[in-house]
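# Commentary on secondary and tertiary structure
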Amino acid sequence: MPLRLYSCETLVSLRLQFVGFHDFEFVSLPNLKIMHLDDNLYADDLVLEKLISSCLVLEDLTIVRNVDETVKVLRVRSNTLNSLKLVLDSSKSWYIDDSDDWEVLIDAPRLTYLSLEDDQSVSFGIRSLGSAAKVEIAVSFNVNDIWDLDESTERNSSVGKLLNGLSSVRDMTISGTTLKIICQYMNLERVPHFHNMTRLETKFYMTDLELLPEFLESCPNLQSLVLKLKGVTCKKETSFSSMPKCLQSSLEYVEMTRPNCEPIIVAEVMSFGKCNSSCKVNVVRLENES
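Residues numbered from 1 in each chain as written. Predicted model: local features only at pLDDT ≥ 70, side-chain atom pairs only at ≥ 80, totals over all residues. Heavy atoms only, no water.

Per an unreviewed UniProt entry, the protein is named F-box/LRR-repeat protein 15/At3g58940/PEG3-like LRR domain-containing protein, and its organism is Microthlaspi erraticum.

Rendered as structure tokens:
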């Protein structure tokens, strides 16, 4: 990282990839609004934290990391940030790190968009997320055998921390892996209610469809539900009749996409419609998706 870039009065957008960050004493980037950092190396955790907090008008931040980096505890503190995307993909690394030292801490009260794509970090702490925020969550809490989770998993406290941090969001897109871990957590603890959530989108295997109703109980004001179902070709109809009672007056739109399956019986799908006389149901059948 050239030292002159640490104090540039005119810099508005900064995008760096495969750059080494040494420790520094002073940063002055008074007009920097966009910063994208992709697979860079940092002297320690504090270097990245100081760089972010020193950008006093930063609005858009993207950080892509891998396990080969030195930053295990990522702290993002900003009073101006409204868009944040964090990516950590362990498959890009040279070795496997099974330690529980990886952590993400976010304190950005003006965020309206948050994307977490992380299969390595164990803990996610989110403070002051606004009620209008849109989030996209694809995290696995460093759990390798997702299909063999049991009630003794040590990740439960981390799952609860993440859910509490997201409890005020309006729009959530969640991966099937994350949803399955949350449902495992629900066997032990109650999840917080997402009173502000009006839209939920998730993609998961058809064999895990029965997990959904229990999670929907925590979304009493949901208006839009988008389900993207994965799995092998199926011949028989799938039942969608178990809709939580809490959605009977709120749900307005349901969209289901499932691959290579026989059409769903309309009367069966319209069990969703009983929730609201004006509820619209859209069923999409994809022929070539697996």
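### Quick look at the sheet that holds strand β6 (residues 73–77)
Hydrogen bonding along the main chain pairs the strands of a sheet, whether they run parallel or antiparallel. Pairing in this open sheet of 3 strands is parallel, and the strands run β6-β8-β10 from one edge to the other. Both edges of this open sheet fall to β6 and β10 (123–127), since each of them pairs with a single strand only. Adjacent strand axes in the sheet meet at a mean angle of 5°, parallel and antiparallel pairs treated alike. Across the sheet, helix α2 (residues 156–166) is in contact with β8 (103–107) and β10; its angle to β10 comes to roughly 25°. (Pairing = 2+ DSSP bridges. Helix = DSSP H or I, 4+ residues; strand = E, 2+ residues; numbered from the N terminus. Axes fitted to C-alpha atoms, helices over the stretch in contact; angles between N-to-C directions. Contact = heavy atoms within 4.5 Å.)

### What to know about the pairing of strand β3 (residues 34–38)
Residues of β3 alternate between two faces, with Met 35 and Leu 37 buried on one and Ile 34, His 36 and Asp 38 left unburied on the opposite face. Pairing between strand β1 (residues 13–17) and β3: 5 bridges, direction parallel. The residue of β3 that forms the bridge with Leu 14 is Met 35. The pairing of β3 with strand β5 (residues 60–65) spans 5 bridges and is parallel. Within β5, the residue paired with Leu 37 across the bridge is Ile 63. (Buried < 20%, exposed > 50% of the residue type's maximum accessible area, 1.4 Å probe, protein only.)

### Examining helix α3 (residues 176–185)
Of all 10 residues that make up α3, 9 are buried, and the element is covered over most of its length. Taken residue by residue, α3 has Gly 176, Thr 178, Leu 179, Lys 180, Ile 181, Ile 182, Cys 183, Gln 184 and Tyr 185 as its buried positions. Each element contacted by the buried residues of α3 is listed here: β11 (134–139), α2, β12 (171–175), β13 (199–205) and α4 (212–216).

### So, the pattern of salt bridges
Following the criterion strictly, the structure yields 9 salt bridges and no others. Here Asp 23 makes a salt bridge to Lys 50, at a shortest N to O gap of 3.3 Å. Within this pair, whereas Asp 23 is found in the loop between β2 (20–21) and β3, its partner Lys 50 is found in helix α1 (residues 45–53), the two being separated by 27 residues in sequence. For Asp 107, the salt bridge goes to Arg 127, with nearest N and O atoms at 3.8 Å. Of the two residues, Asp 107 sits in strand β8 while Arg 127 sits in strand β10, which places them 20 residues apart along the sequence. Exposure remark for Arg 127: the relative accessible area of 57% places this residue in the exposed category. The network of salt bridges with common partners includes Asp 171, Arg 199, Glu 201 and Lys 228. (Salt bridge = Lys/Arg side-chain N within 4 Å of Asp/Glu carboxyl O.)

### Examining the environment of Val 191
Position of Val 191 relative to the elements: it lies in the loop between α3 and β13. Judged by relative accessible area, Val 191 falls into the buried class, the value being 11%. Counting along the chain gives 24 residues from Val 191 to Phe 215, while the straight-line C-alpha distance between them is 8.4 Å. If we ignore the near neighbours within four places in the chain, the residues touching Val 191 are Leu 163, Ile 182, Tyr 185, Met 186 and Ser 218.

### What about unusual backbone geometry?
Unlike most non-glycine residues, Phe 18 shows phi in positive territory, near 55°. Secondary-structure assignment places Phe 18 in the loop between β1 and β2. Even without being glycine, Asp 39 reaches a positive phi, approximately 55°. Tracing the backbone through its elements, the reader meets Asp 39 in the loop between β3 and β4 (41–42).

### Observations regarding the nonpolar core
One finds Phe 21, Met 35, Ile 106, Leu 116 and Leu 166 to be the most contacted residues of the largest nonpolar core, which totals 75 residues. Here the element with the most residues in this core is α3; it accounts for 5 residues. Viewed by domain, this core spans two of them, domain 1 (3–197) and domain 2 (203–289), each represented by three or more residues. Discounting chain neighbours no more than four positions away, the residues touching Leu 116 are Leu 86, Ile 106, Phe 124, Ile 126, Glu 136, Ile 137, Ala 138, Val 139 and Leu 162. (Core = buried A, V, L, I, M, F, W, Y, C linked by side-chain atoms within 4.5 Å. Domains from an automatic or database assignment.)

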